[in-house]
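# Fold and contact review
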Amino acid sequence: MAENILEIKHLVAGYETRLGSLLAVDDLSFSLAKGEFIGIAGESGCGKSTLAYAIMSLLEDNGMIFSGEINFKGKNLVGLKKADLKKMRWDQMSMVFQSAMNALNPVLKISDQLVDVMQAHQKGISVKKARQKAAEMLELVDIPVDRLDAYPHQLSGGMKQRVMIAMAMILNPDLIIMDEPTTALDVVVQRNIIKKIEELRIKFDFSVIFITHDLSLLVEISDRLAIMYAGKIIEFGQAQRIYEQPEHPYTKGLMNSFPPLLGDLEEFGGIPGKPPDLLKPPAGCRFYPRCEKRMDICHQKMPDLINTGQERQTACYLYQGGHK
Amino acid sequence: MSDPILELKDVAMHFPVSGFGRSKQVVHAMDQVSFSLQRGEILALVGESGSGKTTTAKVIAKLHQPTSGEIIFNGENIYQRKTNKRDLGYRKNVQMIFQDPFGALNPTHTIRSILERPFLIHKLASREQVEAKIKEVLVQVGLEPPEQFIDKFPHELSGGQLQRVNIARAISVDPILLLADEPTSMLDVSIRMIIMNMIKKFRDEEGISYLYITHNLAGARYIADRIAVMYAGMMMEIGPAEEVIQKAYHPYTKLLRSAAPQPEKGFQESELTAKGDIPSLVNPPTGCRFHTRCPQADAECKELIPELREIKPGHQVRCLKV
């Protein structure tokens, strides 16, 4: 495999609250190759957005990285100075936020916002040149150049999201993190945006971390897939293989939560119960209270994420001989 | 088939656009919408945002009076029957489940006070009986043991639990028809099937009919007997669920199908069959409303509004090219 652009090692990140520390990302490790498309799936509150913000070093005031490493192009970002992070952010890694509707400044033309990004990072670039580049980027995401001086409210939801993608790509970064970029959009618009991202990724060879709860979409578009539950990755591997043969009971439950468009319609069940409170996570495996296949050992210790096959990892005692 | 419980005949809903210099314009939220719903049937209404799905539900719920057309419920035109202002008789029979479980419940009230109101307003239980009734309905939606939930406030429950309370509130008055407006779209994936199965259960056990609004085609296929596809305020196709998915006739239904995620297929295979955005409903396109995006459209489609025609028994399509 090609060189790894991002290596996350034992990352622990979360929030300080009045009720104690909340570890939204708990001892998480994975790596991302250049040009690779990794999907991260999980329910609300599983820590997937915290992970994204931690990688970008954009956690809110009460959020912090407690321990671990985020190695991006060989450099550990944890503990880096703010000024260095600022220089690198957007230039080398950028982010497309969930609600494009709110991510753009409503009182500035989109041309001004795109020019702003370039002037902040490329000292001395002329407005004329920056505008030219902005127009090129808009063209890449299929927005007519005459919309360059439009205000955000004059664009549809899908167009705003494409402007965000153009903005994320404008400095030609190596990594783009997309946090539910299509969740608020209609299926047809979503499909157009996904196709655009795929096309641009092949053209410009950037890596993508794509975060969503829409597993059916993620399976279709990702190279590899990480399933998160309550701050942990509980299954990791090639997307198609996970879809065909999910191992972890939680992944199986998720796969049983969306009926197919075509093919047989059996009973679909979902997963009873609700995710645990991360301020008081259950002892042992975090899925223990909802798991159909739980065993005695499961509430004693969280199972490690171990290899269960080729490029395949699962954190479940069912695949560790039932004991350790 | 037996008598339909609900029938819409040529219903139109136009909202005036207010604002400076824009007088007399209207948004054509619904035009020529006709369909019927049988007792105990689940009809899924699918379409993109702005296609008029929610307006359809609101018109049936008597939250908006339609501009024209008739809505017949149980043999009576709901806008012509003599009734007091609140029309409790109709509201007891037709209930609604909203999309946002967090917004649909008053945050300052306990579950008890939220759920006792329907019983008291509709005089279905006395003050003494009401607690037992609330507990009964909480058990029906799977919030067990009910003592644990009855004195909680909405913020103490998860989205899935709140949506169960919403369903409990709707079914507590023994309705005949439930209008469910995207009841699962704001819930976590693992909870969605549980809510959908619950909706099916109340149909099977209580014979409740549903108008189930969704934008998720696969979900519609799972839950519904029939699927109706709306686009830009008009009904484009309606027929048996399996047939609409597998053998769609209307180009718009085909577009929706091609856009839906299909994990069983690889990424490369899905090709979109049309481009563009949904048109403005202030000045809707002449002729067929889909002609601006339709790959099969020709000059005729720009001028003639196609009729909703029966292609097969029980399957109607609004397209000149079919």
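Structure: see above.
What comes next is a walk through the structure. Note that the structure is a prediction, hence the values are computed from the model and not measured.

## Re the overall build of chain B
Counting secondary structure elements, chain B contains eleven helices and twelve strands. The C-alpha atoms of chain B give 21 Å as radius of gyration, which agrees with the globular expectation for 322 residues (20 Å, within 12%). Considered along the principal axes of its C-alpha atoms, chain B spans approximately 70 × 50 × 50 Å. Split into buried and exposed, the 322 residues of chain B put 47% on the buried side. Restricting the contact set of chain B to residue pairs at least 6 apart, pairs at least 24 apart contribute 64%.

## Some points on the overall build of chain A
When helices and strands are counted, chain A shows ten helices and twelve strands. Radius of gyration (C-alpha) of chain A: 21 Å, near the 20 Å computed for a compact globule of 324 residues. With respect to the three principal axes, the spread of C-alpha positions in chain A is 65 × 50 × 40 Å. Out of the 324 residues belonging to chain A, those deemed buried represent 46%. Here the analysis covers contacts within chain A between residues at least 6 apart in sequence; of these, 63% occur between residues at least 24 apart.

## Observations concerning unusual backbone geometry
Outside of glycine, negative phi angles account for most residues, and trans bonds account for most peptide bonds. Residues and elements named next belong to chain B. With an omega dihedral of -10 degrees, the bond running from Glu 144 to Pro 145 counts as a cis peptide bond. Note on placement: Pro 145 falls in the loop between α4 (130-140) and α5 (147-150). We note that Asp 174 has phi near 55 degrees; this positive angle belongs to a residue other than glycine. Take Asp 174: there are 12 C-beta atoms within 10 Å of it, and that puts it in the exposed class.

## Digging into the interface of chain A and chain B
At the interface, 34 residues of chain A touch 29 residues of chain B. Taken together, the elements giving at least two residues each to the side of chain A that touches chain B come down to α7 (187-204), α8 (215-221) and α10 (249-255) of chain A. Ranked by the residues each element gives to the side of chain A that touches chain B, the list is headed by α8 of chain A, at six residues. A class-by-class count of the residues in the side of chain A that touches chain B yields 16 nonpolar, eleven polar and seven charged.

## So, the nonpolar core
Counting 189 residues, the largest nonpolar core has Ala 44, Leu 211 and Tyr 212 of chain B as the members making the most contacts within it. Broken down by element, this core gets its largest block of residues, eight residues, from helix α6 (residues 157-169) of chain A. Sequence-distant contacts of Ala 44 of chain B, that is, excluding residues within four places in its chain, are made with Tyr 212, Thr 214, Ala 220, Ile 223, Ala 224, Ile 227 and Ala 241 of chain B.

## So, α6 of chain A
All names here are of chain A. Helix length check: α6, at 13 residues, gives a terminal C-alpha distance of 19 Å against a target of 18 Å (1.5 Å per residue), a fit within 8%. When you tally the buried positions in α6, you get twelve out of 13 residues, the bulk of the element. Among the residues of α6, those classed as buried are Gly 158, Met 159, Lys 160, Gln 161, Arg 162, Val 163, Met 164, Ile 165, Ala 166, Met 167, Ala 168 and Met 169.

The rules behind the values
- Residues numbered from 1 in each chain as written.
- Chains lettered and ligands numbered in written order.
- Predicted model: local features only at pLDDT ≥ 70, side-chain atom pairs only at ≥ 80, totals over all residues.
- Helix = DSSP H or I, 4+ residues; strand = E, 2+ residues; numbered from the N terminus.
- Rg over C-alpha atoms; globule rule 2.2 N^0.38 Å.
- Buried ≥ 20, exposed ≤ 12 C-beta atoms within 10 Å, placed from the backbone.
- Contact = placed C-beta atoms within 7 Å.
- Nonpolar A, V, L, I, M, F, W, Y, C, P; charged D, E, K, R; others polar.
- Core = buried A, V, L, I, M, F, W, Y, C linked by C-beta atoms within 7 Å.
- Expected span 1.5 Å × (residues − 1).

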